[in-house]
Amino acid sequence: RLNMDTLHLVHVKLLASDLLTLTPRHTSPASFVRCGRTVARAEVVGVVVSRDRREKFLRFLVDDGTGCVPCVLWLNHQYLNANSSSDSDPTGEMASKMSEVVRLGTLLRVRGRIVMYHGTIQIAARDVVLEEDPNVEVLHWLQCVHMAKECYDLPLPSA
């Protein structure tokens, strides 16, 4: 039986207060520790309380009631497609469309890699989804508490 922690492979549902207190590991790519378990990706749900759009990225804050999560959505992905001879940038186009839903006061679900930038934990967004049902925020809270109790905060099973 393989005894490998696979929590780092999934988007862990976290409250801002939990995300912002993760312990950084000095690895490449970046990873973080929660109760001895490696976490690299997260999902948060909250209201946009700050938005700053630049040419190559959109920086925004998501408030879930326990804290504010800094997020960055990269808009220019051409450097990732260096081997492509085409001028089109489908990843950048998707990011640009996602950036349109990031408006002050909107309820969003954000998924992405957890990264450290200037000593602050933030999410490098991969998915940004507008949530139209306000109950989604409470459901996310309940899921976070449940997953912490039943999975995230449990020690790794021994072989």
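Residues numbered from 1 in each chain as written. Predicted model: local features only at pLDDT ≥ 70, side-chain atom pairs only at ≥ 80, totals over all residues. Heavy atoms only, no water.

Named according to an unreviewed UniProt entry, the chain is CST complex subunit STN1 originating from Aegilops tauschii subsp. strangulata.

Draft legend 1. Molecular detail of the overall build of the chain. In terms of regular secondary structure, the chain is built from three helices and nine strands. Within the chain, buried positions represent 40% of all 159 residues. Of the accessible surface of the chain, which amounts to about 9400 Å², a share of 55% is contributed by carbon and sulfur atoms. (Helix = DSSP H or I, 4+ residues; strand = E, 2+ residues; numbered from the N terminus. Buried < 20%, exposed > 50% of the residue type's maximum accessible area, 1.4 Å probe, protein only. Areas by Shrake-Rupley, 256 points an atom, 1.4 Å probe, with all protein chains shown as cover.)

Draft legend 2. Region of the structure containing the pairing of strand E3 (residues 31-34). Residues Ser31 and Val33 of E3 are buried on one face, and the alternating residues Phe32 and Arg34, pointing to the opposite face, are buried as well. Sheet analysis places strand E2 (residues 23-25) next to E3, joined by three bridges and oriented antiparallel. Within E3, the residue paired with arginine 25 across the bridge is serine 31. In textbook terms, the turn of a hairpin is the stretch between consecutive antiparallel strands, and for E2 and E3 this stretch comprises five residues. (Pairing = 2+ DSSP bridges.)

Draft legend 3. Expanded view of the packing of aromatic side chains. Taken as a whole and assessed by the stated rule, the structure comprises one aromatic pair. When the centroid spacing of 5.5 Å and the interplanar angle of 65° are considered together, the rings of phenylalanine 57 and tryptophan 74 count as edge-to-face. In this pair, phenylalanine 57 sits in strand E6 (residues 57-63) while tryptophan 74 sits in strand E7 (residues 68-74), placing the two residues 17 residues apart along the sequence. Judged by its relative accessible area of 35%, tryptophan 74 falls in the partly exposed class. (Phe/Tyr/Trp six-rings, centres within 6.5 Å; stacked < 30°, edge-to-face > 60°.)

Draft legend 4. Seen up close, helix H3 (residues 135-152). For H3, the complete set of buried residues consists of Val136, Glu137, His140, Cys144, Ala148 and Tyr152. Buried-residue contacts for H3 involve strand E1 (11-13), E3, strand E4 (37-39), strand E5 (41-53), E6 and strand E8 (107-117). (Contact = heavy atoms within 4.5 Å.)

Draft legend 5. Quick peek at the sheet that holds E4. The strand order E2-E3-E4 describes an open sheet built from three strands, whose pairing is antiparallel. Each having just a single partner strand, E2 and E4 make up the two edges of the open sheet. Direction aside, neighbouring strands of the sheet carry axes that sit 40° apart on average. (Axes fitted to C-alpha atoms, helices over the stretch in contact; angles between N-to-C directions.)

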